[in-house]
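Tertiary structure, described
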Amino acid sequence: MAITDIRAFAHLSDSDIEALGREFDAIRRDVEESRGVRDARYIRNTIRLQRLLELGGRVALLGSRRRPMWALGTAMLSLSKIIENMELGHNVMHGQWDWMNDPEIHSTSWEWDQTGPSAHWKRAHNYVHHTYTNIVGMDEDVGFGILRMTRDEVWRPINLLQPVANVILAATFEWGIALHDLAAQKEADQVSPAQWNSQANKDFARKATRQVVKDVVLFPALTGPAWRTTLYANLTANLIRNVWAYAVIFCGHFPDGAEKFTVDQFENETHAQWYLRQLLGSANISGGPVMGFMTGNLSYQIEHHLFPDLPSNRYPEIAARVRALCAKYDLPYTTGSLGRQYLLALRTIHKLAVPDRFLWATSDDAPETSSERKFSPAGVLGATAPSVDPVTGRRRGLLTALRAHAEAKFVARRKK
């Protein structure tokens, strides 16, 4: 099953974990105390760029019956929607810019250009997902309720359709997220799914109707004779935004190395262990500043999960300090290219579509699901106790243990 004892899995002592937690607290404190003009300039420039791209795209689509103008307008509109969704909507609603006390750029007032109401998303994502990250049975973002992404979940015949469901989810990601958040809101409100006149349903219907009318009726109508090509452009831009957001989210949550956890681990979890769970349960996407900006800096998913309410433009500098801490405590820092991370997630989606009896690895020692028992059959600290290399004086922690485990498996396969 998933990790039940993060101390044993991480090969760290309680004092090590508490020390690591204090170092993460220090990072938070340093960034909070240094927020200022350059951060405010960054978010305001981002808003300005997004609005200029949208305006330019809308103007270009006035001539969208000509293919070059349609391509230009669609490209600008797609970029605008990606930036609004990733760097603005997601991050502003996390409260990353609340410290500015600007009523326009505040988590309580921002409404994003997406089907679901921001209030639904903030509860399902900010509270549930970021509190219970990757805890099987508590974090509904593990597979979004339609994909089996860990062997801790019992296989059902419906999982055979995962490859198809995955494609549909990617193309309609904003609707998938909206319906996922709606279900979470109704559960929080203790509303029966059969109660169609619930406040949650009303809020969802109001926001979804507004989005559909805007994209399918209003903006096409404003372009007059070009309404049909403008409609296609709007739908194409939404599709591009959906697929991009889906890819970024899946690359940050589901490649190998993004671990899963049990409720047992959470029940007595300390603040420092929460930090450690975020570190071990997330994965980054390697790339430069352009990749960072176009992902809303969610290419730094590890840093985002550690500090979800710190300004996203600070994640690159935070990442350098997090990497240093991983080296100090001998912990893995899971990262890879966009293509690599997505292919790993895609492999899990297809592999777990079939019953476990057709799979080789166990739920304690599989690329997508592992636990402390992969190192110790008894599942206790014992043989996995933290140690120090007698030659270098460095900790021998999880990263060293993972490498030794992989080498032992390789040798065992060679002997067969």
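Just so it is clear, the structure is predicted and the values come from calculations on it, not from any experiment.

Okay, the side chain of Ser 282 next. Counting through the fold element by element, Ser 282 comes out in the loop between helix H11 (271-280) and strand E1 (284-285). Classification of Ser 282 as buried rests on a relative accessible area of 1%. A polar contact of 2.8 Å, which involves the side chain of Ser 282, links it to the backbone oxygen of Gln 278. Dropping the residues within four chain positions of it, Ser 282 is found in contact with Gly 252, Ala 258, Gln 301, Ile 302, His 305 and Thr 334.

Moving on: the packing of helix H6 (residues 162-171) against helix H9 (residues 227-253). In the contact formed by H6 and H9, the axes pass within 7 Å of each other and the chain directions differ by 120 degrees. As the angle between them shows, H6 and H9 are arranged oblique. Across the interface between the two elements, Asn 166, Leu 169, Ala 170 and Ala 171 from H6 touch Leu 239, Asn 242, Val 243, Tyr 246 and Phe 250 from H9.

On to the environment of Arg 321. Of note, Arg 321 is situated in helix H14 (residues 315-328). Note on Arg 321: relative accessible area 36%, which makes it partly exposed. Between the C-alpha atom of Arg 321 and that of Ser 198, which follows or precedes it by 123 residues, the distance is 46 Å. Setting aside residues no more than four positions away along its own chain, Arg 321 makes contact with Ala 26, Ile 27 and Asp 30. A polar atom in the side chain of Arg 321 sits 3.0 Å from the side chain of Asp 30.

Note on placement: Glu 368 falls in the loop between helix H15 (338-351) and strand E3 (387-388). Given the relative accessible area of 2%, Glu 368 is considered buried. Among the polar contacts listed, one links the side chain of Glu 368 to the side chain of Lys 351, at a separation of 2.9 Å. Residues in contact with Glu 368, not counting those within four places in the same chain, are Met 149, Arg 151, Asp 256, Lys 260, Arg 347, Thr 348, Lys 351 and Leu 352.

Note on aromatic pairs: each is described by the distance of the centres and the angle between the planes. Applying the stated criterion across every chain, the model contains 17 aromatic pairs. Relative to Phe 307, the ring of Phe 24 has its centre 6.3 Å away and its plane inclined at 70 degrees; by these criteria the two rings are edge-to-face. Within this pair, whereas Phe 24 is found in helix H2 (residues 14-34), its partner Phe 307 is found in the loop between helix H13 (301-306) and H14, the two being separated by 283 residues in sequence. On the basis of relative accessible area, Phe 307 is assigned to the buried category, the value being 0%. Within the aromatic cluster, the residues linked to one another by ring pairs are Phe 144, Phe 173, Tyr 246, Phe 250, Phe 254 and Tyr 342.

Time to look at the pattern of salt bridges. The final tally for this structure, using the stated rule, is 26 salt bridges. With a shortest N-O distance of 2.5 Å, Arg 347 and Asp 256 are connected by a salt bridge. In this pair, Arg 347 sits in helix H15 while Asp 256 sits in the loop between H9 and helix H10 (263-267), placing the two residues 91 residues apart along the sequence. Glu 269 serves as the salt-bridge partner of Arg 277, at 2.7 Å between the closest nitrogen and oxygen.

In contact at an axis separation of 8 Å, helix H3 (residues 37-60) and helix H4 (residues 67-92) are set at 150 degrees when each is read in the N-to-C sense. When the axis of H3 is compared with that of H4, the two are roughly antiparallel. Viewed along their axes, H3 and H4 form a crossing whose handedness is left-handed. The class makeup of the residues in the contact of H3 with H4 is 14 nonpolar, 6 polar and 4 charged.

A few words now on the confidence of the model for the chain. Considering every residue of the chain, the mean pLDDT works out to 93; 96% of them sit at 70 or more. With pLDDT under 50 throughout, residues 378-384 is counted as low confidence; its partners more than four residues away or in other chains account for 9 contacts.

One can find Thr 223 in the loop between helix H8 (199-222) and H9. Taking the C-alpha atoms as reference points, Thr 223 and Gln 185, separated by 38 residues in sequence, lie 37 Å from one another. In this structure the side chain of Thr 223 is engaged in a polar contact, spanning 2.7 Å, whose partner is the backbone oxygen of Pro 220.

A separate point is the state of the cysteines. Inspection of every chain in the model, using the stated rule, returns 0 disulfides. Of all cysteine sulfurs in the structure, the one in Cys 326 sits closest to Cys 251, which takes part in no disulfide; the separation is 19 Å. You can call Cys 251 buried: its relative accessible area is 0%. Overall, Cys 326 belongs to the buried group, its relative accessible area being 3%.

Our focus in this paragraph is H8. Count 3.6 residues to each turn of an α-helix, and residues three or four apart come out pointing the same way. Taking 1.5 Å as the rise per residue, H8 with 24 residues should run 34 Å; its terminal C-alpha atoms sit 32 Å apart, in good agreement. Considering bend angle alone, the principal kink of H8 is centred on Lys 214 and spans about 45 degrees. Of all the residues in H8, the buried ones are Ala 200, Asn 201, Phe 204, Lys 207, Ala 208, Gln 211, Lys 214, Asp 215, Phe 219 and Pro 220. Along its buried surface, H8 packs onto H3, H4, helix H5 (118-131), helix H7 (173-188) and H9. Once H8 finishes, Gly 224 follows within two positions and takes phi at roughly 60 degrees, a positive value.

Cut-off values and rules
Residue numbering note: each chain is counted from 1, following its sequence as written. Per-residue local features are limited, in this predicted model, to residues with pLDDT of at least 70; the limit for side-chain atom pairs, both in listing and counting, is 80 or more; totals at the level of whole chains, interfaces and linings are taken over all residues. Side-chain measures here rest on the full set of heavy atoms in the structure, leaving out hydrogens and waters. Strands here are runs of E lasting at least two residues and helices are runs of H or I lasting at least four, both read from the DSSP assignment and numbered beginning at the N terminus. Exposure classes here rest on a 1.4 Å probe applied to the protein chains alone. A residue is buried below 20% of its type maximum, exposed above 50%, and partly exposed in between. Counted as a polar contact is a pair of N or O atoms within 3.5 Å, where, for protein atoms, one must be capable of donating a hydrogen and the other of accepting one, and residues adjacent in sequence contribute only when both atoms are in side chains. Contacts are residue-level and defined by heavy atoms, with any inter-residue pair within 4.5 Å sufficient. With axes taken as lines fitted to C-alpha atoms, and helix axes fitted only over the stretch in contact, angles between N-to-C directions fall between 0 and 180 degrees. An angle below 35 degrees is treated as roughly parallel, one above 145 as roughly antiparallel, one from 65 to 115 as roughly perpendicular, and anything else as oblique. For this analysis, a ring pair means two rings from Phe, Tyr or Trp (six-membered ring only for Trp) whose centres lie within 6.5 Å, classed as stacked if their planes differ by under 30 degrees, edge-to-face if by over 60, and tilted for the remaining angles. Salt bridge criterion: a side-chain nitrogen from Lys or Arg within 4 Å of a carboxyl oxygen from Asp or Glu. The hand of a helix crossing depends on one turn: near helix anticlockwise from the far one by less than a right angle means left-handed, and clockwise means right-handed. Under this grouping Gly is polar, as are all residues other than the nonpolar Ala, Val, Leu, Ile, Met, Phe, Trp, Tyr, Cys and Pro and the charged Asp, Glu, Lys and Arg. The predictor rates its confidence in each residue with pLDDT, a number between 0 and 100. Note on terminology: disulfide denotes any pair of cysteine sulfur atoms within 2.5 Å. Multiply 1.5 Å by the residue count of a helix minus one, and that product is the helix's expected span. The term bend refers to the angle at a residue between two fitted axes, each drawn through seven residues, those ending there and those starting there.

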